[in-house]
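Next come the chains, spelled out residue by residue.
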Amino acid sequence: MPPKRADTQAGRGYAMRRVDRYRRGEHEQVDDAITEEVPVAMVYNDLPFAVMMVTPLDLEDFALGFSLSEGLVASPAQLRSIEVRSRLEGVELAMQVASDTVQQRAGRGGERLLPGRSGCGLCGARMLEDAVRHPAPVAEGPRIDPASLERALESMRAAQPVNAVTGSVHAAAWVAVDGAIVLVREDVGRHNALDKLIGAMVKAGVDAQQGFLVVTSRASYEMVTKAASAGITLMAAISAPTALAIHLAEDTRLTLVGFARPGSYVVYTHPHRLLHTPGTHA
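Rules behind the numbers
Residues numbered from 1 in each chain as written. Predicted model: local features only at pLDDT ≥ 70, side-chain atom pairs only at ≥ 80, totals over all residues. Heavy atoms only, no water. UniProt positions renumbered as here; feature names shortened; annotations may be inferred. Helix = DSSP H or I, 4+ residues; strand = E, 2+ residues; numbered from the N terminus. Buried < 20%, exposed > 50% of the residue type's maximum accessible area, 1.4 Å probe, protein only. Contact = heavy atoms within 4.5 Å. Areas by Shrake-Rupley, 256 points an atom, 1.4 Å probe, with all protein chains shown as cover. Pairing = 2+ DSSP bridges. pLDDT = per-residue confidence, 0-100. Axes fitted to C-alpha atoms, helices over the stretch in contact; angles between N-to-C directions. Phe/Tyr/Trp six-rings, centres within 6.5 Å; stacked < 30°, edge-to-face > 60°.

Looking at an unreviewed UniProt entry, one finds the chain named Sulfur carrier protein FdhD and attributed to Dyella jejuensis. Per its UniProt entry, the chain bears the Function (unreviewed entry) comment "Required for formate dehydrogenase (FDH) activity. Acts as a sulfur carrier protein that transfers sulfur from IscS to the molybdenum cofactor prior to its insertion into FDH."

Right under this line is the structure:
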């Protein structure tokens, strides 16, 4: 992990800062929790691949999820080791993989050696085939009662400890068919949160056919790509999808839900997985 600072809450993903708060004409100095964001270098077999801006929590989950969702390994077993190395500038995730995918991308000029901003899913991809990938279609998966989606949405706020104190991070949650939240990962970047969740799901042996995904962000194309790559069949986002996200969800047979809030949501693709919605196209 990065060198600890006196004002950093070690292992919590945020630091405390003294700030001036102005409210209703009153001024006070208070301690405020600020989300941490550090550069994390993804290094495979000693070859630098990407630098991502990440909240420094659950980094081994992030390493595994990123490797899988980016197609750098085909299975968890191919990721042989992960070493978290502190660096003056941030963190290095040094990984050994039984795959030549990284070397192949580097050989054709498609390596991601540019920094990836926390909100960026495309940063660093130098070739179109690396930028817009088309995963295989997902399996049928479960049918979800709308009451289960409602239950998950109502429980999300309480399942986000970092956001509760900072108000500035995204979350990705794996939810059981009955709506109970099973796993949550948080990060300043929505893609990072999903990668962390995918890594945690794989480590915990979670069956992607036995639940659904809720994300506290918009549904970008790469969120759909990562979800489909993990075999997830339904993703609900609290904000809007993009047109490309809808296209990829349709193509991969993933059910995409947007504007998911307690009491309402919009289904964009494959509505048959929500029990009360009409239609059976697959």
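This part covers the overall build of the chain. Regarding its fold elements, the chain presents 8 helices and 14 strands. The 282 residues of the chain split such that 50% are buried. Here the analysis covers contacts within the chain between residues at least 6 apart in sequence; of these, 50% occur between residues at least 24 apart. Of the roughly 12,600 Å² that the chain leaves accessible, carbon and sulfur atoms contribute 52%.

Along strand β9 (residues 170-176), 6 of the 7 residues are buried, which leaves the element largely enclosed by surrounding structure. Pairing of β9 with strand β10 (residues 181-187) involves 6 bridges; the strand directions are antiparallel. Its bridge partner lying in β10, A173 is registered against V184. If you look at the hairpin formed by β9 and β10, you'll find 4 residues sitting between the two strands, and G179 has a positive phi there, around 95°. Two elements, β9 and strand β11 (residues 211-215), share 5 bridges in a ladder whose sense is antiparallel.

Overall, the predicted model of the chain reaches an average pLDDT of 87, with 84% of residues at or above 70. Across residues 1-10 the pLDDT falls below 50, and counting only partners more than four positions away or on other chains, this stretch makes 22 contacts in the model. Segment residues 124-129 is flagged for pLDDT under 50; beyond a separation of four residues in sequence, or across chains, it makes 16 contacts in the model.

Strand order across the open sheet formed by 6 strands is β10-β9-β11-β12-β13-β14, with mixed pairing between neighbours. Each edge of the open sheet is held by one strand with a lone partner, namely β10 and β14 (264-269). Between one strand axis and the next, the sheet turns by 20° as a mean value, whatever way the strands run. Lying over the sheet, helix α6 (residues 190-204) contacts β9, β10 and β11, oriented at roughly 140° with respect to β10.

To describe a pair of aromatic rings, you give the distance between the ring centres and the angle between the ring planes. This model, assessed by the stated rule, comprises 3 aromatic pairs. Centre to centre, the rings of Y44 and F49 are 5.9 Å apart; their planes meet at 90°, and the pair counts as edge-to-face. A relative accessible area of 1% means that Y44 is categorised as buried. Exposure remark for F49: the relative accessible area of 1% places this residue in the buried category. Consider the rings of F62 and F66, whose centres lie 5.7 Å apart with planes at 50°: the pair is tilted. Of this pair, F62 and F66 both sit in helix α1 (residues 59-69), 4 residues apart, roughly one helical turn. Of the residues examined, F66 reaches a relative accessible area of 1% and is grouped as buried. Ring-pair connections join several aromatic residues into one group, and the members of that group are Y44, F49, F62 and F66.

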